[in-house]
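Reading the structure
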Amino acid sequence: MDKYKYNKPKLNIPKSTFQKVFDLFTLIVFTAGLVHLIAVWGQLPDQVPVHFNAAGEVNRWGSKWELILLPIIAALLAIFMTFLEKHPEWHNYINLNENNIEFQYKNSILLLNIIKNECVLLFVFVDYNIVQLAFGKAKSLGILFMPIFLVTMFGSMIFFIIRSIKHK
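Structural notes, computed from the coordinates. (Residues numbered from 1 in each chain as written. Predicted model: local features only at pLDDT ≥ 70, side-chain atom pairs only at ≥ 80, totals over all residues. Heavy atoms only, no water.)

**Points about the overall build of the chain**
Formally: A run of H or I in DSSP becomes a helix once it reaches four residues, and a run of E becomes a strand once it reaches two; helices and strands are each numbered from the N terminus. Three exposure classes are used, based on accessible area relative to the maximum for each residue type with a 1.4 Å probe and protein chains only: buried under 20%, partly exposed in between, and exposed over 50%. We call two residues in contact whenever any of their non-hydrogen atoms come within 4.5 Å of each other. Exposure was quantified through the Shrake-Rupley algorithm and a 1.4 Å probe, taking into account, for residues, occlusion by the shown protein chains and nothing else. His is not counted, nor are the chain ends; Lys and Arg add positive charge and Asp and Glu add negative charge. Charge coordinates come from a single atom per side chain, which is NZ of Lys, CZ of Arg, CG of Asp or CD of Glu.
Counting secondary structure elements, the chain contains four helices and two strands. When the helices and strands of the chain are placed in sequence order, the string is α-β-β-α-α-α. In terms of overall dimensions, the chain has C-alpha extents of about 60 × 30 × 25 Å along its principal axes. The buried share of the chain, reckoned over its 168 residues, is 39%. At a minimum sequence separation of 6, the contacts of the chain that also span at least 24 residues come to 72%. For the chain, the accessible area works out to roughly 10,300 Å², and carbon and sulfur atoms hold 68% of it. Taken as two groups, the 16 positive and 11 negative side-chain charges of the chain have centres that lie 4 Å from each other.

Rendered as structure tokens:
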């Protein structure tokens, strides 16, 4: 039995410069999105788009108060995933051993960092676009929204899974 399967060591792995910069960039964009939402709140109609089909077209309208959910979910997601980034010993690995443990931990931490920031940026993008739709400045999220979102998210995951498998 692999000695790391159930008792993975805790290593102190600091964030890379890339991770710090990406976190800072995402925080700035998130804050700007929140400030924008607050700034336009009084001008928003009572009903805003709150759900979209796969083509990015509005298929449900709801209260503007539902817009508050997106930044709340994004913030909670970021907090939770940041916490998980600090505990790579809790993550699942393929072929973890003493020769590759540091690489695997760093790879897993970077994957979480990228997915976290992509998700937060996605929530900000959707929130901003809902406001644009509510003001009549746009007609939909666009037909490319869903494919770009899926390629970005799954592309990141696939890249890091392949990277992990290659470093046995």
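Next, the rest of the story.
**Considering the pairing of strand E1 (residues 47–52)**
Convention followed: For two strands to be treated as a pair, DSSP must find at least two bridges joining them.
For E1 and strand E2 (residues 58–63), the ladder comprises five bridges, and the chain directions are antiparallel. Its bridge partner being in E2, His51 is matched across the sheet by Arg60.

**As for the packing of helix H2 (residues 69–85) against helix H3 (residues 101–134)**
The packing of two helices is summarised by the inter-axis angle and the distance between the axes. So the rule is basically this: Convention adopted: a line fitted to C-alpha atoms gives each axis, helices being fitted over their contacting stretch, and angles between N-to-C directions are expressed from 0 to 180 degrees. Angles are sorted into four bins: roughly parallel if under 35 degrees, roughly antiparallel if over 145, roughly perpendicular if 65 to 115, and oblique for all others. For this scheme, ten residues count as nonpolar: Ala, Val, Leu, Ile, Met, Phe, Trp, Tyr, Cys and Pro. Four count as charged, namely Asp, Glu, Lys and Arg, and the remainder, Gly too, count as polar.
Where H2 meets H3, the axes come as close as 9 Å, and the angle between the chain directions of the two elements is 175°. As far as their axial angle goes, H3 and H2 are roughly antiparallel. Between H2 and H3, the contacting residues are Leu70, Pro71, Ile73, Ala74, Leu77, Ala78, Met81, Thr82, Leu84 and Glu85 on the first element and Ile109, Leu112, Asn113, Ile115, Lys116, Cys119, Val120, Phe123, Val126, Asp127 and Ile130 on the second. Broken down by class, the residue content of the contact of H2 with H3 amounts to 16 nonpolar, two polar and three charged.

**Thoughts on a nonpolar patch on the surface**
Threshold: Any residue with relative accessible area above 30% and no salt bridge may belong to a patch, with like charges joined within 9 Å and the nonpolar Val, Leu, Ile, Met, Phe, Trp and Tyr side chains within 5 Å. Any Lys or Arg side-chain nitrogen located within 4 Å of an Asp or Glu carboxyl oxygen qualifies as a salt bridge.
A grouping of Leu150, Phe154, Ile158 and Ile162 is seen on the molecular surface, where their side chains present a nonpolar patch of about 360 Å² in accessible area. Residue placement: Phe154 occurs in helix H4 (residues 145–166).

**Some points on helix H1 (residues 17–40)**
The criterion, for reference: The span expected for a helix works out to 1.5 Å for each residue beyond the first.
For H1, spanning 24 residues, the distance from its first C-alpha to its last is 34 Å, which sits close to the expected 34 Å at 1.5 Å a residue. Taken together, the buried positions of H1 are occupied by Gln19, Phe22, Asp23, Thr26, Phe30, Leu37 and Val40. Elements that come into contact with the buried residues of H1 comprise H2 and H3.

**With respect to the pattern of salt bridges**
Enumeration over the complete set of coordinates arrives at seven salt bridges. The salt bridge involving Glu66 is made with Arg60; its shortest N-O contact spans 2.9 Å. Residue Lys116 is joined to Glu85 by a salt bridge in which the shortest nitrogen-to-oxygen separation is 2.6 Å. Here Lys116 is found in helix H3, whereas its partner Glu85 is found in helix H2, with 31 residues between them in sequence. Accessibility expressed as a relative area gives 3% for Lys116, which makes it buried. Bridged by salt links that share partners, the residues Lys15, Asp23, Glu85 and Lys116 form one connected network.

**So, the packing of aromatic side chains**
Our working definition: Whether two aromatic rings pair depends on their centres lying within 6.5 Å, for rings of Phe, Tyr and Trp, where Trp uses its six-membered ring; planes under 30 degrees apart make the pair stacked, over 60 edge-to-face, and the rest tilted.
The full count for this structure, using the stated rule, is seven aromatic pairs. A centroid spacing of 5.6 Å and a plane angle of 45° characterise the contact between Phe18 and Phe22, whose relative ring orientation is tilted. In this pair, Phe18 and Phe22 both sit in helix H1, four residues apart, roughly one turn of the helix. Exposure remark for Phe22: the relative accessible area of 16% places this residue in the buried category. Between Phe159 and Phe160, the ring centres sit 5.0 Å apart and the planes meet at 90°, which makes this aromatic pair edge-to-face.

**Things to note about H3**
With 34 residues, H3 should reach 50 Å at 1.5 Å per residue; the first-to-last C-alpha distance of 49 Å fits that figure. Positive backbone phi, at 80°, marks Gly136, one or two positions downstream of H3.

The analysis is restricted to geometry; functional conclusions fall outside its scope.
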